[in-house]
Each structure stands twice: as structure tokens, then as C-alpha cells.
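Working through the structure, step by step
Each chain is listed here by its residues.
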Amino acid sequence: MDQIKVGVIGVGARGICYAAGLLCWRHDTVVTYVCDLYEDRCLWAVEDVQRKNGNTPKWTFNYKELIESPDVEVVIVGSAWENHVPAVAYAMECGKPVAFEVGGAYSIDDCWKLVNTYEKTGVHCMMLENCCYDEYELAALRMVREGLFGKVVHCEGGYHHDIRDEICEGEERRHYRLRNYKNRNCENYPTHSLGPICKILDVNRGNRMVKLTSMASPAWGLNEYARNHDNIPAELQTYPFKQGDIVKTMIQCAHGETICLTLDTSLPGPYPRDLGIRGTKGFFDRFTNSVVINDGDRLNYDAIREQYLHPIRYAFENKSAPGFSYDDTCQYQMHWDIDWLVLDAFFTSLHDNDVPPIDTYDSAAWMAISPLSEISIANGSMPVDIPDFTRGLWTCRTEKNTGFYALDK
């Protein structure tokens, strides 16, 4: 099979993992074009790809030039959050399948732009939400599908990640998080937890999120960190950051289920990515590694891991996944397993001419939490309605991925 010509927009920390990492380790892809705002990043990516694959990608500062190029058949967007929707929508308009890194939207209009563009062009986009393919999330999904927790009543998840250094050194690192923490106050990174939960609760396929309310603490932790570290630029040492240290968002679904999301990125602490499921017959708690199924005793997940390991993870661990084989050297990349799986899910859907397992409606609904939480916080935690991006089709949608990487029933 001919190799798919891929262009990568944004080759910073995440984009370079695709351009000079996962895409170079695949046998069905070749990186032909890279784009970034910074010349050194582009040159670094070109040199790295050339060293690993032998081909020399073109590079540009203009993402539209990359998308329009006949040397690009598929687009990967790994740039700053605010460029996701413009670049993704333009790729769809040009008839090119596109996958993009995680992050929240900046407005509901952004989310509708993705949906409207798909409905006009028939070209889907896919958010590369790698946590949907983590072992724990897939095991929980399997247990829910098998009815082991009974009726699911409540799910919760959190992004607990102390990134104060990354935020405050944003200018030096050329990282987009700094400008967001200076100017916004919202659930800015919802999808690591929300994506798997939405699949568990059948959101957009028999269920949907209908309203939310969000509450944020002050930015005391981030402000104190900036004041007490001499390596932080003077301007930031006294800057009143807007993004709260802790943001709690409660979401209600059409059938009454509730979801609680926590953003916790500017206080000291470990990195547990929570996933909690509460049902009428049991629960799943990743934080404590504990499970109760069928009204039974409390178990350690490790004790039942082999029994409930999802087929996707089993195939991955045994190198028998239906996609293209990977080079063992990619194991040296951070969280390479879930990155490889979500990227393979995207390319497998292209090879099979199938709907991506995380489609445009999923991407829009998950990204919408950021601007809606911002509205809620700004208005005293007022409840805010969540749009139905399927325009009513959530009750009877049949369009879904049917392949090995499917996440829906």
C-alpha cells in the first residue's frame, strides 16, 4: 500500500512527537510537510524526519500553504489551542481528513464551525484524545458495557497536573498555556476525563450533555508560585492570573446521569488522572485502584485486570492489533502507547473508509465545555445549557465507527 502523505501543523512539544516520532515509526505514513511559527522548530522537525525516514519534508510558516499542497493528503494539527479550529476547518474545506490535538474551544461558534463544516463537506475531523485508549478507561468501558456496575449514575474525572513551571515560563518556552492562564478562567482542559466518560455514557448516541455549572477558586497558588521564584519574569511575579487554581464543573445528561470534572494544574501535588464511575451495583475508582462489581466485595483492579482487559489493549500488548506494526523504538516516547493507539485508530478509519471513533460531533461537544464553563464562572456559577450539536439526532444516530477501535456500542 502506498504511504499516506501527512502534513503536521505545529511542531512544538506535542507536534514533534507526531512529526518525528509516531508518524516516522509507522509503515503507512510519510511526513511530507511541517509548519510552525518558529523557524528553529521547523528545521528541527525536518532534520529529525530526514534522519529517521530518509525523506526531507517541506516546511512553512503558513498552515494554509501546507493544507493546500498536493504533497499533503492528511493533516495532523498539534499547534496552540486557538489555532485548532481554524486549521481543522480549513483542512476539511479542502477535502483532507484531519486529526488534532486535545484542548477546549474558545467559543461555541468554534464548535458549530466544526459541525457545519463537516455537514457541508462530508469530511470528518477527529480529536486525538489519547486517554480514550488508556488501559483503565478501556477496562472501565468494557465493565460498563457488560453491566457489571448496574445503571451508571455518576462519573467523575480530573486533570491533576502541577504545571506551574510550564505556565510561568511560557514566554521562554513559547508555550500557549501562559496567555490562557493570564486571560481566561474556565475548565480549559476537559477532554482527558470527559472523552472516556462520554463514551461510557453514550453521549451523542442515545444520550447527551444538557447543562453545566462551574465554579473556580482564586489563582492564589499560581500567583504565589510566580512571586516566590526568581527565574520567573518580573512582569509575571506581580501579574494577577485569572485562571483559578481549582475549577469544578458539574454536568447533567439527558437521562439524569451526572458528571463532575476537576481542573487542578497550579497547585503542588502528584499526577493522578482520575476516573470514577458510580453505578447501582458497583463502582470503579482509578485513584484508589479499586473496583466493586455485581454488588460484590471491594477488589483491587490488578486482581481482575486479566479478566477485564479490553480487547484493544490485549491486542496492543500482544502486538496483534489489526493496524500497521510499530517500531519498538517508539516505546521511548512519553505515553507512547495511548498516542500510538489513538493515531492508529485514526488511520485505520481512513484505510477502512469508516467514521472515526471520535468524530466531529464528539469533538465539538467535548470542546464546548471550556467556553460554557467560562460563561458559568463569570456569572456566579450560573447553569448554562449545552447545545445539541447533533441537532436532535443523538436519539437515533447510526453513524459510528464499526472497526476494531470502536468506542461506541
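Residues numbered from 1 in each chain as written. Predicted model: local features only at pLDDT ≥ 70, side-chain atom pairs only at ≥ 80, totals over all residues. Heavy atoms only, no water.

Some thoughts on helix 5 (residues 108-121)
Taking 1.5 Å per residue, 14 residues should reach 20 Å; helix 5 reaches 20 Å between its end C-alpha atoms and fits that length. On the buried face of helix 5, the contacting elements are helix 4 (81-93), strand 6 (125-127), helix 16 (360-367) and helix 17 (369-378). Where helix 5 ends, the next residue or the one after it, glycine 122, has phi of about 75 degrees, a positive value. (Helix = DSSP H or I, 4+ residues; strand = E, 2+ residues; numbered from the N terminus. Expected span 1.5 Å × (residues − 1). Contact = heavy atoms within 4.5 Å.)

Some words on a nonpolar patch on the surface
Taken together, the side chains of Leu43, Trp59 and Phe61 present a nonpolar region at the surface, about 260 Å² in accessible area. Along the polypeptide, leucine 43 turns up in helix 2 (residues 39-53). The class for leucine 43 is partly exposed, based on a relative accessible area of 33%. (Patch = residues over 30% accessible without salt bridge, like charges linked within 9 Å, V, L, I, M, F, W, Y side chains within 5 Å. Areas by Shrake-Rupley, 256 points an atom, 1.4 Å probe, with all protein chains shown as cover. Salt bridge = Lys/Arg side-chain N within 4 Å of Asp/Glu carboxyl O. Buried < 20%, exposed > 50% of the residue type's maximum accessible area, 1.4 Å probe, protein only.)

Here's the deal with the sheet that holds strand 3 (residues 58-60)
Pairing is parallel across the open sheet formed by 6 strands, whose spatial order is 3-2-1-4-5-6. The sheet is open, and its two edges are formed by strand 3 and strand 6, each paired on a single side. Each strand axis lies, on average, 25 degrees off the axis of its neighbour in the sheet, ignoring direction. Direction of pairing for strand 1 (residues 4-9) relative to strand 2 (residues 29-35): parallel, over a ladder of 6 bridges. Note on strand 2: the bridge partner recorded for valine 6 is valine 31. The sheet strands contacting helix 4 are strand 1, strand 4 (74-77), strand 5 (98-100) and strand 6, and the helix crosses strand 5 at an angle near 170 degrees. (Pairing = 2+ DSSP bridges. Axes fitted to C-alpha atoms, helices over the stretch in contact; angles between N-to-C directions.)

As for the nonpolar core
Nonpolar side chains tend to gather and get buried jointly when the protein is soluble and globular. Ile76, Tyr133 and Met209 are the most contacted members of the largest nonpolar core, which totals 115 residues. The contacts of methionine 209, once residues within four sequence positions are left out, are Leu194, Cys198, Val203, Ile251, Gln252, Cys253, Ile259, Ala365, Ile369 and Ile386. (Core = buried A, V, L, I, M, F, W, Y, C linked by side-chain atoms within 4.5 Å.)

Focus: the sheet that holds strand 11 (residues 273-279)
One open sheet holds the 9 strands; their spatial order is 14-13-12-11-7-10-9-8-15, and the pairing between them is mixed. Sheet topology places strand 14 (299-300) and strand 15 (384-385) at the edges, where each strand pairs with a single neighbour. Pairing of strand 7 (residues 152-160) with strand 11, which is carried by 7 bridges, proceeds in the antiparallel orientation. The partner of glycine 157 across the bridge, within strand 11, is leucine 275.

Re the side chain of threonine 265
Its place among the elements puts threonine 265 in the loop between strand 10 (258-264) and strand 11. Here tyrosine 181 takes part through its side chain, which lies 2.6 Å from a polar atom of the side chain of threonine 265. (Polar contact = N/O pair within 3.5 Å; in protein donor to acceptor, adjacent residues only side chain to side chain.)

Looking at helix 17
Of all 10 residues making up helix 17, 7 are buried, and the element is well covered by its neighbours. Within helix 17 the residues assigned to the buried category are Ile369, Ser370, Pro371, Leu372, Ser373, Ser376 and Ile377. Positive backbone phi, approximately 65 degrees, marks glycine 380, located one or two places after helix 17.

Comments concerning the pairing of strand 8 (residues 209-216)
Along any regular strand, the residues point their side chains to alternate faces of the sheet. Relative to strand 9 (residues 246-253), strand 8 runs antiparallel, the two being bridged by 7 bridges. When the sheet's bridge partners are listed, lysine 211 is paired in strand 9 with glutamine 252. Pairing geometry for strand 8 and strand 15, over 2 bridges, is antiparallel. Bridge pairing in strand 15 places lysine 211 opposite aspartate 385.

Digging into the pattern of salt bridges
When the charged atoms of two side chains with opposite charge come close together, those side chains can pair. Evaluated as defined, the whole model comprises 36 salt bridges. The shortest N-O distance in the salt bridge between glutamate 374 and arginine 184 comes to 3.1 Å. Taken together, the residues glutamate 374 in helix 17 and arginine 184 in the loop between helix 9 (177-183) and helix 10 (191-200) connect sequence positions 190 residues apart. Using a relative accessible area of 22% as the deciding quantity, one classes glutamate 374 as partly exposed.

Regarding the packing of helix 6 (residues 135-145) against helix 13 (residues 301-308)
Look at helix 6 against helix 13: their axes get within 11 Å of each other, and the N-to-C directions meet at 70 degrees. By the angle between their axes, helix 6 is roughly perpendicular relative to helix 13. The crossing of helix 6 and helix 13 is left-handed. Of the residues in helix 13, those in contact with Glu135, Tyr136, Ala139, Arg142 and Met143 of helix 6 are Tyr301, Ile304, Arg305, Gln307 and Tyr308. Its residues placed into classes, the contact of helix 6 with helix 13 shows 6 nonpolar, 1 polar and 3 charged. (Parallel < 35°, antiparallel > 145°, perpendicular 65-115°, else oblique. Left-handed = near helix turned anticlockwise from the far one by under 90°. Nonpolar A, V, L, I, M, F, W, Y, C, P; charged D, E, K, R; others polar.)

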